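# Reading the structure
Each chain, written out:
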Protein chains: 2
Amino acid sequence: MADIGEFGLIDRITAALPTPASDGGYAHVVVGTGDDAAVLAVPDGRIVASTDLLLENRHFRRDWSTATDVGRKAAARNFADIIAMGAVPTALLVGLAVPGGLELSWVDGLVAGFAEECAQVGARVVGGDVSACDTIVLSVTALGDLGGREPVRLGGARAGDVVAICGRLGWAAAGFAVLSRGFRSPVQVVNAHRRPEPPYAQGPRAAECGATAMTDVSDGLIADLGHIAAASGVRIDLRGEALAAPAKLRDVASALNVDPMTWVLTGGDDYALAATFPNFASVPPDWTSVGLVREGEGVRVDGRRWNEGGHEHFR
Amino acid sequence: MADIGEFGLIDRITAALPTPASDGGYAHVVVGTGDDAAVLAVPDGRIVASTDLLLENRHFRRDWSTATDVGRKAAARNFADIIAMGAVPTALLVGLAVPGGLELSWVDGLVAGFAEECAQVGARVVGGDVSACDTIVLSVTALGDLGGREPVRLGGARAGDVVAICGRLGWAAAGFAVLSRGFRSPVQVVNAHRRPEPPYAQGPRAAECGATAMTDVSDGLIADLGHIAAASGVRIDLRGEALAAPAKLRDVASALNVDPMTWVLTGGDDYALAATFPNFASVPPDWTSVGLVREGEGVRVDGRRWNEGGHEHFR
């Protein structure tokens, strides 16, 4: 890394990314990487923006995930925030600090991961910053386009609404548990931890179907629905049966002697979507109804409080 | 820090920032902090975006700068990238990782710094992320509005254009040199290092006056004009006389036994603007003409190459 220097690294990264020219003139990018700032077309007249900071050995481990895994997941968790507003991700800005002795192939893999996840949603890396640090630091900012839809906020749930989810719950947490105990399989849960698959199309879809509130499950279902409950001034009642862990998760949980419902209710790294809809008829086909919105506060599962919250970084 | 937790810290930070409501309904913010993502009005139909990563002891030192200094400078260097496109900064997203043992007052000061610098340009903090790390990590993403102007890029300089600068050069580098040697004065140069003052109004002004290329001076004048020269396929000839260090800088340089021109030509942290204009008549009043654009390549001072470049992080 030290051999090619900061500008050499920037050149290497930008050379590995699609350019507006090589890209068939991707319409959203007016000015891409290589200038003081990027310029993006915003035909909607509103932009959605979210940012995340990811630190080596806290948010990812190089011995657990490949560089491409890290890039894909870093992009995915930001894109999940964008789709949770009902928007389509359009652009990514990436800050990267790496040790001087890091092999260049790791950065190449990371950039490939960003590009791959961008390709999943039709977004582009439009800017970034490069620096040096003892451990790897990533900052990711995603921008998105509402396409004329109203943003779906946390505070719109009303008593009587139907609570529904889309995407997997607990799989990444199971993978984390497996990796934490020194195992590398079952590969389905380990891969779920390494490369989450947020249901990208379903955020805008839910908005079109009239979702009254929506969030991505990044802190755990109970915690994230708690944010909707608090912002909306309502209680959310979940049916445990509707959230029952699938056989694969139950098998892994049994092998590790843990309750699979803990993963389903408090695991965050799958980046599923959770939303409220005005009635059952408005819940889109790929979503699963898991509960109802009531007067009150907090989140209940089968009438009881779940006694574990989402993770906090300073605990 | 560990006492209040991640969500407590987020609440504390957002409570210290102006809200759309307390703010007289600041028109640009549709959805501010507290949701999955921010939503910003973009009446221009294009957004300008730039991101930076700042690391403790590499980009700032807590014994040299107050928390408020750090916040102001972190915002300022991003806003400088936005104005260098001819845009007006509108929003900031901030990622923050801090040690669990950090005093809360430091974070309060940092947030105050972000808010103060935002107030200078009329921007708002609209989103962020909080995490824990052994040393402080800041990521800052700034967004800006072109107000109907065309972005001023690096590649537009043409032979015959006039090169002009606006803002201070070398002052922050002098302050850095003073602090590096264990001194705390003269206060003018030390403060220049701590709190740069980019000429915020002059980026859009230069765009209105027909600037053909523009950049902020973050890597040093020679290096940053080098980016314009390379992107535009031209040579830039500077007149050393026009760049002569003012008396205060010469005094400090003399005391430290260094050449003040090194600070002026290679110091980056003042975030001045450098631009090219089609002719002398189009150079705005507050700008200083310092050279001409010619056929060729590279940057010369009085006909000679300057043998020091800007700083690179991996050297």
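See above for the structure.
A brief structural summary. Treat the numbers as computed from the prediction; the structure is a model and nothing was measured.

## A few points about the overall build of chain A
If you tally the helices and strands in chain A, you get 9 helices and 13 strands. Over its C-alpha atoms, taken along the principal directions, chain A stretches across nearly 60 × 50 × 30 Å. Split into buried and exposed, the 315 residues of chain A put 59% on the buried side. Considering only contacts within chain A whose residues lie at least 6 apart along the sequence, 84% involve residues at least 24 apart.

## Quick look at the relation of the copies chain A and chain B
In screw terms, the move from chain A to chain B is a rotation of 180° and a rise of 0.0 Å along the axis, fitting with an RMSD of 0.0 Å. Expressed as an axis order, the relation between the two copies is that of a two-fold axis. Residues of chain A ranked by C-alpha distance from the rotation axis are headed by Gly45(A), positioned 2.6 Å from it. Most of the interface of chain A is mirrored in chain B: 100% of its interface residues are interface residues there too.

## Overview of the sheet that holds strand β13 (residues 304-305) of chain A
Across a sheet, paired strands are connected by hydrogen bonds in the backbone, their directions being either parallel or antiparallel. All names here are of chain A. Spatial strand order, β8-β10-β7-β11-β9-β12-β13: 7 strands in an open sheet with mixed pairing. Edge positions in the sheet fall to β8 (213-216) and β13, since each of these pairs with one other strand and no more. Strand direction decides the pairing type here: β8 and strand β10 (residues 273-277), joined by 4 bridges, are antiparallel. When the sheet's bridge partners are listed, Ala213 is paired in β10 with Thr276. Across the face of the sheet, helix α7 (residues 221-232) comes into contact with β8, β9 (235-238), β10 and β12 (298-301) while running at roughly 135° to β12.

## So, the environment of Asp145(A)
All names here are of chain A. Tracing the sequence through the fold places Asp145 in strand β6 (residues 137-145). A tally of 26 C-beta atoms within 10 Å means that Asp145 is categorised as buried. A C-alpha to C-alpha distance of 9.7 Å links Asp145 and Ala41, two positions 104 residues apart in sequence. Setting aside chain neighbours within four positions, we find Asp145 in contact with Val42, Asp44, Ala87, Val88 and Thr90.

## So, the packing of helix α2 (residues 67-83) of chain B against helix α3 (residues 104-121) of chain B
In helix packing, the relevant descriptors are the interaxial angle and the interaxial distance, both defined with respect to the helix axes. All names here are of chain B. Axis separation between α2 and α3 bottoms out at 6 Å; the angle between their running directions is 40°. The orientation of α2 with respect to α3, classified from their angle, is oblique. Regarding α2 and α3, the two cross each other, and that crossing is right-handed. Residues Ala67, Thr68, Asp69, Val70, Gly71, Arg72, Ala75, Ala76 and Phe79 of α2 form the contact with α3, whose own contacting residues are Trp106, Gly109, Leu110, Val111, Ala112, Gly113, Phe114, Glu116, Glu117, Cys118 and Val121.

## Focus on the interface of chain A and chain B
With 55 residues of chain A in contact, the opposing surface of chain B contributes 56 residues. Here the residues of the side of chain A that touches chain B sort into 30 nonpolar, 13 polar and 12 charged. The sheet contact formed by strand β3 (residues 46-55) of chain A and strand β2 (residues 38-41) of chain B spans 4 bridges and is antiparallel. Across the sheet, Val48(A) pairs through a bridge with Val39(B), a residue of β2(B).

## Some thoughts on the nonpolar core
Across soluble globular proteins, you tend to see nonpolar side chains buried next to one another. By size, the foremost hydrophobic cluster in this structure holds 228 residues, and its most contacted members are Leu40(A), Leu92(A), Leu40(B) and Leu92(B). Beyond its immediate stretch of four places on either side in the chain, Leu92(A) contacts Ala75(A), Phe114(A), Cys118(A), Ala123(A), Val125(A), Val126(A), Val140(A) and Ala142(A).

## What about the sheet that holds strand β6 (residues 137-145) of chain B?
The strand order β1(A)-β2(A)-β3(B)-β6(B)-β4(B)-β5(B) describes an open sheet built from 6 strands, whose pairing is mixed. The sheet is open, and its two edges are formed by β1 (29-31) of chain A together with β5 (124-132) of chain B, each paired on a single side. For this sheet, the mean inter-axis angle between neighbouring strands, taken without regard to orientation, is 25°. By the bridge criterion, 9 bridges tie strand β4 (residues 88-98) of chain B to β6(B) in an arrangement that is antiparallel. Bridge pairing in β6(B) links Leu92(B) to Ala142(B). In the packing of α2(B) onto the sheet, the strands contacted are β3 (46-55), β4 and β6 of chain B, and the crossing angle to β6(B) comes to about 35°. Relative to the sheet, α3(B) contacts β4 and β5 of chain B, its axis offset from that of β4(B) by approximately 170°.

Calculation criteria
- Residues numbered from 1 in each chain as written.
- Chains lettered and ligands numbered in written order.
- Predicted model: local features only at pLDDT ≥ 70, side-chain atom pairs only at ≥ 80, totals over all residues.
- Helix = DSSP H or I, 4+ residues; strand = E, 2+ residues; numbered from the N terminus.
- Buried ≥ 20, exposed ≤ 12 C-beta atoms within 10 Å, placed from the backbone.
- Contact = placed C-beta atoms within 7 Å.
- Least-squares fit on C-alpha atoms with pLDDT ≥ 70 in both.
- Pairing = 2+ DSSP bridges.
- Axes fitted to C-alpha atoms, helices over the stretch in contact; angles between N-to-C directions.
- Parallel < 35°, antiparallel > 145°, perpendicular 65-115°, else oblique.
- Left-handed = near helix turned anticlockwise from the far one by under 90°.
- Nonpolar A, V, L, I, M, F, W, Y, C, P; charged D, E, K, R; others polar.
- Core = buried A, V, L, I, M, F, W, Y, C linked by C-beta atoms within 7 Å.

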